[in-house]
Every structure is written in C-alpha cells, then in structure tokens.
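Examining the three-dimensional arrangement
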Amino acid sequence: MAKPRPGPNGHFDEGAPLASDGHANEPERLASAFSSVLRGAGLVVTIRRVMAFTEALRLLGVASRDDVYWAGKATLVGSPADIGVYDRAFAVFWEGREPSGMVVELPPISVTLATDTDDDSGAAPPADEGDPDTGPTLRVRYSDTETLRHKDFADCSDAELAELHSLMGELRFQAATRRTRRAVRAKRFSRRPDLRRTIRRALRTGGEAIRREFLTNDRKPRRLVLLLDVSGSMEPYARALVRFAHAAVVGRTRVEAFTIGTRLTRVTRELSSRDPDAGLRAAADSVQDWSGGTRLGATLHEFNDRWGVRGHARGAVVVICSDGWDRGTPDELAEQMARLHLVTHRLVWVNPLKHTPGYAPLARGMAAALPHVDDFIEGHSFDSLEHLAAAIAA
C-alpha cells in the first residue's frame with residue numbers, strides 16, 4: 001500500500017503513490033511555509049529550528065505523514081504547552097483539514113532602514129532608542145572607497161587623493177620569476193635525478209633506493225623597472241603614479257624607479273623610505289624637471305645607455321607610465337623602444353588617457369612606441385593600478 005505523499009500545497013494525498021521529489025528546494029520551501037503558519041499561530045520558531053526541520057525533511061523525505069509530523073515536533077516545538085497548537089497547525093497545513101478554534105494571522109513585519117550621516121561615528125545605536133514593538137533595524141553604511149577605486153585621479157580632491165594614496169600602501173606585488181642555473185631539490189618528479197641524495201637515503205635502508213630524489217632549476221624574481229613621466233601633461237596623474245612606485249619599491253625586492261621628462265632621474269633610493277610622505281617629498285626634491293617638457297626619446301636613450309641594455313632592463317619587466325606626448329622626433333623614440341624591447345622580458349605601457357571614450361593613440365610619440373609594447377593598459381584610477389600590479393606578476 002502506498003504511503004501518503006504531500007501534494008503541491010503541502011497536503012497529504014492518501015491516493016498518491018510514493019515518489020521522490022523533483023525539486024531540490026522543496027524541503028526548504030515547505031519548511032519555510034509551515035514555520036510561517038506556526039508563527040502566525042503564536043509559536044516562537046527560530047531560524048535555527050527551521051534549519052533543523054529543513055535538514056530533517058531532506059533526510060527523511062516528505063512521503064510519510066509520521067516522519068514529517070515527528071520531525072516537525074522534535075525540531076519546531078520548544079515547550080509541551082505548544083504541542084496542541086502544533087497539532088492543529090499540522091492538520092491544517094499538511095492534511096488540509098478545516099481549522100477548528102485556531103486563527104492563523106501572519107503579522108506584518110516592520111523593517112527600519114537606518115543610513116549613516118556625514119557625522120556618524122559608526123557606533124551602534126543605544127539599546128533604549130526606538131520603539132520596542134517595531135521590527136528589526138537594517139543599518140546601511142555608506143562607503144566611498146568603492147567609488148574612489150574607479151574615480152579618475154584628475155577628478156579627485158586632495159582628501160580623496162590622500163585616501164587613495166593610503167589604499168596604495170595595501171597593494172600586494174607579486175614578482176614574475178625566471179629560471180636560474182642553480183639546481184635545488186625538486187618536490188615532485190623531474191627529468192634530473194639527484195644521485196647524491198638518492199644514495200644517501202639508500203644507505204639508511206640497507207642500500208635499497210626505495211625513494212628517488214630529483215633536482216630542478218631554482219626560480220628567481222625578475223627585476224621590475226618603473227619609468228614615470230612627470231611632465232606637465234602628466235601633472236594630474238604623476239603624484240599618484242609616484243605613490244604607486246613607492247608601494248612597489250617598499251613592497252617587493254629588485255625594483256628600480258626612474259622619472260622621465262626632459263631628463264632621467266633615478267628615485268629608487270628616495271622611494272625606499274617606509275614613510276610614504278617622506279619618500280614622496282624626497283623624490284619630488286630630487287626631480288628637477290617636474291611639470292616640465294617631455295623628451296621621451298632622449299630620456300629613453302639615456303636610460304638604455306646607462307641603465308637599461310647592459311643592466312637593469314635585461315630580463316626585467318619594464319613599465320613606462322606616460323601619455324605619449326613627446327617634443328622629440330618619433331623616429332628616435334621608436335628606435336629606443338625597439339632597443340629596450342629586445343632586452344626586456346615584458347614591456348608595459350601605462351597611459352592614463354586610454355580610458356577616455358573614443359581614445360586613439362594619435363600622438364606621435366604614442367604611435368611610434370606602441371608597436372614595441374607587449375601590454376598597453378590604463379592608469380587613470382586605483383582600479384587600473386590594481387590591474388597593473390596583476391599584469392606585473394603575470
């Protein structure tokens with residue numbers, strides 16, 4: 001004989017055959033609806049009890065009337081005085097009987113929405129504040145951090161830039177790595193056996209090489225080189241990019257930072273201070289061409305000859321932060337970009353103007369440099385600098 005099974009409204013149908021439920025959320029739906037009926041009848045049904053009842057229905061199923069009855073009685077009833085109300089509510093909801101002497105009322109839920117004001121200190125409201133008969137209070141806190149992450153540096157106020165500078169201190173830089181000739185112990189199988197360790201381990205087991213050891217090439221972090229344009233056209237973005245360079249110098253090893261404008265200035269030592277304000281002041285004092293003209297080709301020529309081709313740029317990730325406006329000849333810039341690209345691992349160009357709708361690299365310097373760039377990304381906001389940090393580690 002088939003056991004009773006609840007129909008679409010939760011009522012047991014004596015004539016329905018035993019069958020599995022086709023909906024994965026059926027126990028949750030039935031448990032939530034029955035709990036609402038119990039609350040309307042005056043019982044105190046907590047979320048924890050509803051979750052326990054849901055889990056019981058998921059394990060026992062809803063095909064047997066007794067299983068559902070005793071599962072609900074064991075999880076939803078908190079006092080012997082509530083058994084009578086539970087029985088009447090069960091008969092109405094699960095068996096489809098007419099209610100006898102029981103009025104089910106679902107009280108309206110009043111939710112208070114509280115928002116923060118400008119002078120809100122963030123403390124919780126006093127316990128005696130508000131009407132105790134009202135429903136729960138939903139506090140909505142406003143945070144401008146998410147808005148600032150996407151805001152253009154050129155549109156930020158001094159206070160907003162200060163907050164973004166503090167956020168840059170929390171950036172985590174991961175270094176791209178390269179293989180070296182130094183051999184180290186491998187944690188898994190490789191093609192290079194470690195005979196010395198294998199023999200030493202075999203001596204502990206009577207000469208039997210039970211476990212073989214292997215070697216692999218060690219990996220070393222690649223150097224990161226930052227070339228920051230501090231010319232007049234980059235004034236709205238220069239300080240934010242220098243703060244990004246400070247976070248990179250402090251946050252990881254093997255980082256070199258330079259400023260480019262009308263001359264090349266190395267600012268790695270100035271930015272190595274743990275105090276960001278002191279580092280930025282020292283860098284600004286050492287740069288003599290801040291907010292001046294732009295000679296990208298000449299400064300890159302100097303970098304390649306003094307620092308790049310024979311040293312810092314070889315096998316490194318080089319990042320050039322500039323809008324591409326150049327007073328020099330495009331041929332010189334293209335030549336120096338080609339020299340730099342030959343020795344670098346990856347050459348990244350960051351242009352704050354790239355996010356502008358309809359942007360096209362029409363500036364002569366940008367058009368000359370772009371064929372020699374591996375990655376061309378934005379650099380106008382904190383969010384774009386986070387993408388830059390991820391691109392450096394790629």
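Basis of the calculations
- Residues numbered from 1 in each chain as written.
- Predicted model: local features only at pLDDT ≥ 70, side-chain atom pairs only at ≥ 80, totals over all residues.
- Heavy atoms only, no water.
- Salt bridge = Lys/Arg side-chain N within 4 Å of Asp/Glu carboxyl O.
- Helix = DSSP H or I, 4+ residues; strand = E, 2+ residues; numbered from the N terminus.
- Buried < 20%, exposed > 50% of the residue type's maximum accessible area, 1.4 Å probe, protein only.
- 1 Å grid on protein atoms, 1.4 Å probe; cavity = no way out; pocket = protein on both sides within 12 Å on 5 of 7 lines; lining within 4 Å.
- Points joined across faces, edges and corners; volume = space filled by probe spheres on them.
- Nonpolar A, V, L, I, M, F, W, Y, C, P; charged D, E, K, R; others polar.

As a further point, take the pattern of salt bridges. For the coordinates displayed, the defined rule picks out 15 salt bridges. Notably, a salt bridge pairs R65 with E95, separated by 2.8 Å at the nearest N-O pair. A residue pair is termed long-range when its members are at least 10 positions apart, and R65 in helix α3 (residues 65–76) and E95 in the loop between α4 (83–93) and β3 (112–115) qualify at 30 residues. A residue is classified by how much of its surface remains accessible, and R65, at 28% relative accessible area, is partly exposed. Linking E302 and R306 is a salt bridge whose minimum nitrogen-to-oxygen distance equals 3.2 Å. Of the two residues, E302 and R306 both sit in helix α11 (residues 296–312), four residues apart, roughly one turn of that helix. With relative accessibility at 28%, the residue E302 sits in the partly exposed group. Overall, R306 belongs to the exposed group, its relative accessible area being 55%. Connected via shared salt-bridge partners are R185, R201, R211 and E213.

So, about the layout of surface pockets. Considered as a void within the structure, the second largest pocket measures approximately 160 Å³ in volume. Lining of the second largest pocket is provided by A162, H165, S166, R239, R243, P276, D277, L280, R281 and A284. When residues of the lining of the second largest pocket are traced back to their parent elements, those giving at least two are α6 (158–168), α8 (235–251) and α10 (276–286). A total of five residues in the lining of the second largest pocket trace back to one element, the largest contributor, which is α10.

Once that is clear, we can look at empty space enclosed by the protein. Applying the stated rule across the entire model yields one cavity of 30 Å³ or more. The computed volume of the largest cavity comes to approximately 30 Å³. Lining the largest cavity, in full, are R239, V242, L280, A284 and W290. When residues of the lining of the largest cavity are traced back to their parent elements, those giving at least two are α8 and α10. A per-class count over the lining of the largest cavity returns four nonpolar, no polar and one charged.

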